[in-house]
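Coordinates in review
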Amino acid sequence: MVDVLESSLLGSSPQFAHVLAQIRRIAKFDVTVLIGGETGTGKELGARAVHYLSARAAQPFVPVNCGALADSLVESELFGHERGAFTDARHAAPGLISEAEGGTLFLDEVDTLSLKAQAALLRFLQDRTYRRVGGTQTRHTNVRLIAASNANLEELVKTRHFRRDLLYRLKVMPLVMPPLRERGGDVIQLAQIFLERLNRDYQGHTPVKQFHPDLLAALKRYSWPGNIRELEHFIQREYLMCEGAVLNAELPQDRSAPPDGEERYNTVFKQAKARVIADFERSYVASLMTRARGNISRAARLAGQDRSAFSKLVHKYRLASEPEQEQDSADH
Ligand SMILES: Nc1ncnc2c1ncn2[C@@H]1O[C@H](COP(=O)(O)OP(=O)(O)OP(=O)(O)O)[C@@H](O)[C@H]1O
Ligand SMILES: [Mg+2]
């Protein structure tokens with residue numbers, strides 16, 4: 001069997017090797033895991049690795065983007081509902097926990113759950129039983145829970161946006177994905193691997209490319225606020241824009257140079273923030289569209305937004321139809 005870790009989670013810096021060792025170990029024990037780390041550091045990949053290295057590997061891995069669940073629907077999405085439980089409930093639905101039976105339920109962006117949803121989740125975690133919305137039967141379940149968040153949950157506990165008791169229940173086994181800028185030589189290693197993949201994918205369509213040493217130096221200097229996702233997209237975008245055989249795109253000066261004054265700092269901050277927001281927005285919309293199986297109206301409902309505003313976002317990020325369109329979009 002191909003090693004799921006080595007084939008998906010790339011990197012060999014000591015910092016990352018430590019994380020991989022933790023993942024292998026955590027996978028063996030059937031405990032709840034809480035994965036932290038900045039956006040784009042590989043939290044979801046890490047969760048998948050834990051699942052596929054565990055004894056539950058042959059059972060489902062069910063990802064749930066908590067940020068994409070309208071508050072009113074959280075409980076029915078997770079626990080299911082009986083027919084007629086609420087206005088739209090024409091049929092009974094088993095819910096995501098039931099879908100994950102025997103396997104792993106991955107609660108992504110768990111910090112976005114409302115306090116009401118947190119209370120429901122806590123009840124479930126206490127005894128692993130639940131009832132469908134509108135149902136009376138108590139159901140037992142055997143699922144492993146992995147939660148992830150890029151927020152500082154301890155801070156959210158202090159400001160009373162996140163329940164302390166829920167944090168303790170989730171954080172049985174904490175795992176933190178390190179930011180790319182703290183992973184030493186991994187930036188270059190990953191960049192080379194992404195470039196090799198592109199050279200393979202576009203063989204015959206564009207000259208085989210390599211990095212200019214100046215670009216390699218810039219990649220090392222840059223702080224990568226969007227982490228591996230940002231690196232991957234940056235290389236893809238520059239690759240597609242480059243006509244020759246040597247990639248020497250510049251990372252914008254102000255992004256890689258240290259800030260030397262308030263103005264510069266503000267620009268850097270604003271740009272980084274805009275990028276992170278765009279990244280977030282795109283993955284949020286993408287995950288809603290996946291959950292809604294490509295149906296914009298349904299995805300808009302899940303987001304609690306009106307269809308036309310949501311549809312604009314879908315088109316902005318070119319998430320409207322075929323998956324290959326998503327591949328092509330290297331514009332953020
Ligand atoms: N170690 C890695 N090796 C190769 N690719 C990686 C690695 N870590 C992350 N990636 C890639 O980077 C992208 C982001 O990863 P992932 O979705 O797991 O991050 P995340 O931490 O869940 O981000 P977010 O907080 O924004 O949801 C994905 O395309 C993933 O395949
Ligand atoms: Mg994620």
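Refer to the structure above for everything that follows.
Please read these numbers as outputs of a predicted model, since none were measured by experiment.

Cut-offs used in this document
Within any chain, residue numbers begin from 1 and follow the written order of that chain's sequence. Numbering of ligands from 1 and lettering of chains from A proceed in the order in which they are written. pLDDT decides what is reported in this predicted model: residues at 70 or higher carry local features, side-chain atom pairs at 80 or more are listed and counted, and totals for whole chains, interfaces and linings draw on all residues regardless. With hydrogens and water stripped out, all remaining heavy atoms of the structure feed into the side-chain values. Only protein chains enter the calculation, and the probe is 1.4 Å; a residue is then buried if its accessible area is under 20% of its type maximum, exposed if over 50%, and partly exposed in between. Helical segments are the DSSP runs of H or I of at least four residues, strand segments are the runs of E of at least two, and each set is numbered from the N terminus. For two strands to be treated as a pair, DSSP must find at least two bridges joining them. For this document, the term salt bridge refers to a Lys or Arg side-chain nitrogen within 4 Å of an Asp or Glu carboxyl oxygen. A helix is expected to span 1.5 Å multiplied by its residue count minus one. Note on definitions: a residue-residue contact is assigned when non-hydrogen atoms from the two residues lie within 4.5 Å.

Some words on the pairing of strand S2 (residues 61-65)
- Across the five residues of S2, four count as buried, placing the element largely inside the fold.
- Inspection of the sheet shows S2 paired to strand S3 (residues 104-108) by five bridges, in the parallel sense. Across the sheet, Pro63 pairs through a bridge with Phe106, a residue of S3.

Looking at unusual backbone geometry
- Its identity is not glycine, yet Glu109 carries a phi of approximately 55°, on the positive side.
- Relative to the assigned elements, Glu109 resides in the loop between S3 and helix H6 (115-127).
- When its relative accessible area of 14% is taken as the criterion, Glu109 is described as buried.

As for the pattern of salt bridges
- Evaluated as defined, the whole model comprises twelve salt bridges.
- The partner of Glu44 in a salt bridge is Arg48, and the shortest N-O contact between them spans 2.8 Å. Taken together, the residues Glu44 and Arg48, both in helix H3 (residues 43-52) and four residues apart, mark about one turn of the helix.
- Judged by its relative accessible area of 30%, Glu44 falls in the partly exposed class.
- Residue Arg48 is classed as partly exposed on the basis of its relative accessible area, which comes to 30%.

Things to note about helix H11 (residues 227-241)
- With 15 residues, H11 extends 21 Å from end C-alpha to end C-alpha; this agrees with the ideal 21 Å at 1.5 Å per step.
- Taken as a whole, H11 has its buried residues at Asn227, Ile228, Glu230, Leu231, His233, Phe234, Ile235, Gln236 and Tyr239.

Regarding the environment of Leu195
- When you line up the elements, Leu195 lands in helix H9 (residues 186-201).
- Take Leu195: its relative accessible area is 3%, and that puts it in the buried class.
- The residues contacting Leu195, other than those within four sequence positions of it, are Lys209, Gln210, Phe211, Ile235, Tyr239 and Leu247.

Considerations on H9
- When the terminal C-alpha atoms of H9 are compared, their 22 Å separation across 16 residues agrees well with the 22 Å that a helix rising 1.5 Å per residue should span.
- What H9 keeps buried is the set Asp186, Val187, Ile188, Leu190, Ala191, Phe194, Leu195, Leu198 and Asn199.
- Of the surrounding elements, those touching the buried residues of H9 are helix H2 (14-28), strand S8 (210-211), helix H10 (213-221), H11 and strand S9 (246-247).

Regarding the environment of Val157
- Checked against the element boundaries, Val157 lands in helix H7 (residues 153-158).
- Separated by ten residues in the primary sequence, Val157 and Leu167 have C-alpha atoms spaced 8.1 Å apart.
- Contact partners of Val157, with chain neighbours within four places excluded, come to Phe162, Arg163, Arg164 and Leu167.

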